[in-house]
Amino acid sequence: MAHHHHHSHIDCIRLVPIFNHLNEEQMSLIAQSAQEVHYAKNALLFGNGDKDDTLYIINNGRVRVYNLNESGREQTVRILNPGDFMGEVAIFQTESYHSNYAEAISEVSICRIHKKDMDDYLGAYPEIMRRILSDVTKRLQISEKQTMQVGLEQVESRIIDFLSEYVEDEENHTYVTLPMSKKDLASYLGTTPETISRKFSSLEERGLIKQHTQKHIEIFDLDKLLFASS
């Protein structure tokens, strides 16, 4: 469940590109209306139909946003890392509701800022709005690119990109814990679970990775692996 802390969470504000252009005084003003909330692994931050009136900024940990398709299967929409935010739709709309689910895939700490506070800041610092739009636009471009790539046989390089984003230490001896099941990874990368399994096996046969468990993967040489994707 969520716990609330009211100590200074300016770190959270400093972390995000949408606020970090402000001066210290302005950032601490925003930090005052931010509420730091902690979620346990697997906790739901919000669900389909919940009121969407809050900006969520990821401070620590990772969050997975997913929706349910007609047959009730989860489809991962995006993974948020520290510094990412969600809930920006609320800022542009008066009455808005979430259409998907957000789940903590590790322990997570988040700064929440209520829409009514955000409205004040946007009036005072228009640059924030510009940065939110730029972030959202970038995300649209990525998802359009993902949609376009679905038909192309670039699954392998998408897998490699994905793995490299989740490496757990920067040494040459690297491990990755997948933040979702292979089935979810398939829908996230716009391909089928069969193709994912085939590609993982192929990378393993070529001595680039070793699959210790479904989710725990060892990368023998990150540079070699990245080179394979180019």
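The structure we're discussing is the one just above.
Residues numbered from 1 in each chain as written. Predicted model: local features only at pLDDT ≥ 70, side-chain atom pairs only at ≥ 80, totals over all residues. Heavy atoms only, no water.

Chemist: Help me get a handle on the overall build of the protein, residues and values and all.
Modeler: Across its full length, the protein carries nine helices and twelve strands. For the protein, the residues scored as buried account for 46% of the 230 residues in total. When contacts within the protein are restricted to residue pairs at least 6 apart in sequence, those whose partners lie at least 24 apart make up 69%. Total accessible area on the protein is roughly 12,100 Å²; 50% of this is exposed by carbon and sulfur atoms. (Helix = DSSP H or I, 4+ residues; strand = E, 2+ residues; numbered from the N terminus. Buried < 20%, exposed > 50% of the residue type's maximum accessible area, 1.4 Å probe, protein only. Contact = heavy atoms within 4.5 Å. Areas by Shrake-Rupley, 256 points an atom, 1.4 Å probe, with all protein chains shown as cover.)

Chemist: Could you give me a rundown of the nonpolar core, with the residues and numbers involved?
Modeler: Among the nonpolar cores identified, the biggest contains 25 residues, and Ile159, Leu163, Phe200, Ile209, Ile219 and Leu225 are the most heavily contacted of them. For this core, the secondary structure elements donating two or more residues are helix H6 (155-165), helix H7 (182-188), helix H8 (193-205), strand S12 (216-219) and helix H9 (222-229). Counting residues in hydrophobic clusters, the runner-up holds 23 residues, among them Ile13, Ile18, Met27 and Cys111. (Core = buried A, V, L, I, M, F, W, Y, C linked by side-chain atoms within 4.5 Å.)

Chemist: Residues and numbers for the packing of H6 against H8, please.
Modeler: The contact between H6 and H8 brings their axes to 10 Å, and the two run at 75 degrees. As judged from the angle between their axes, H6 and H8 are roughly perpendicular. Residues Val155, Glu156, Ile159, Ile160 and Leu163 of H6 lie in contact with H8, whose contacting residues are Thr195, Ile196, Lys199, Phe200, Ser202 and Leu203. When its residues are assigned to classes, the contact of H6 with H8 shows seven nonpolar, two polar and two charged. (Axes fitted to C-alpha atoms, helices over the stretch in contact; angles between N-to-C directions. Parallel < 35°, antiparallel > 145°, perpendicular 65-115°, else oblique. Nonpolar A, V, L, I, M, F, W, Y, C, P; charged D, E, K, R; others polar.)

Chemist: Got a sec to walk through unusual backbone geometry? Specific residues and values, please.
Modeler: One non-glycine residue, Asn42, lies in positive phi territory at about 75 degrees. Locating Asn42 in the fold gives a position in the loop between strand S2 (34-39) and strand S3 (44-46). Overall, Asn42 belongs to the exposed group, its relative accessible area being 51%.

Chemist: Pulling in residues and values, what's your account of the sheet that holds strand S6 (residues 74-80)?
Modeler: Read across the open sheet, the four strands follow the order S3-S8-S5-S6; overall the sheet is antiparallel. In this open sheet, the two strands that pair with only one neighbour each are S3 and S6. Across the sheet, the axes of successive neighbouring strands diverge by a mean angle of 30 degrees, strand direction being ignored. (Pairing = 2+ DSSP bridges.)

Chemist: Describe the sheet that holds strand S10 (residues 174-177), with residues and values.
Modeler: The sheet built from three strands is open, its strands ordered S10-S12-S11 with antiparallel pairing. Two strands bound the open sheet, and with one partner strand each, they are S10 and strand S11 (209-211). Averaged over all adjacent pairs, the angle separating strand axes in this sheet is 25 degrees, with direction ignored.

Chemist: Outline H8, supporting the account with residue identities and numerical values.
Modeler: Helix length check: H8, at 13 residues, gives a terminal C-alpha distance of 18 Å against a target of 18 Å (1.5 Å per residue), a fit within 8%. Taken together, the buried positions of H8 are Thr195, Ile196, Lys199, Phe200, Ser202 and Leu203. The arc that holds every buried residue of H8, seen down its axis, measures 160 degrees, which confines them to one face. Projecting away from the buried face of H8 at angles above 90 degrees are the exposed residues Glu194, Arg198 and Glu205. After H8 finishes, the residue Gly207 shows a positive phi value of roughly 75 degrees. (Expected span 1.5 Å × (residues − 1). Arc of directions from axis to C-beta.)

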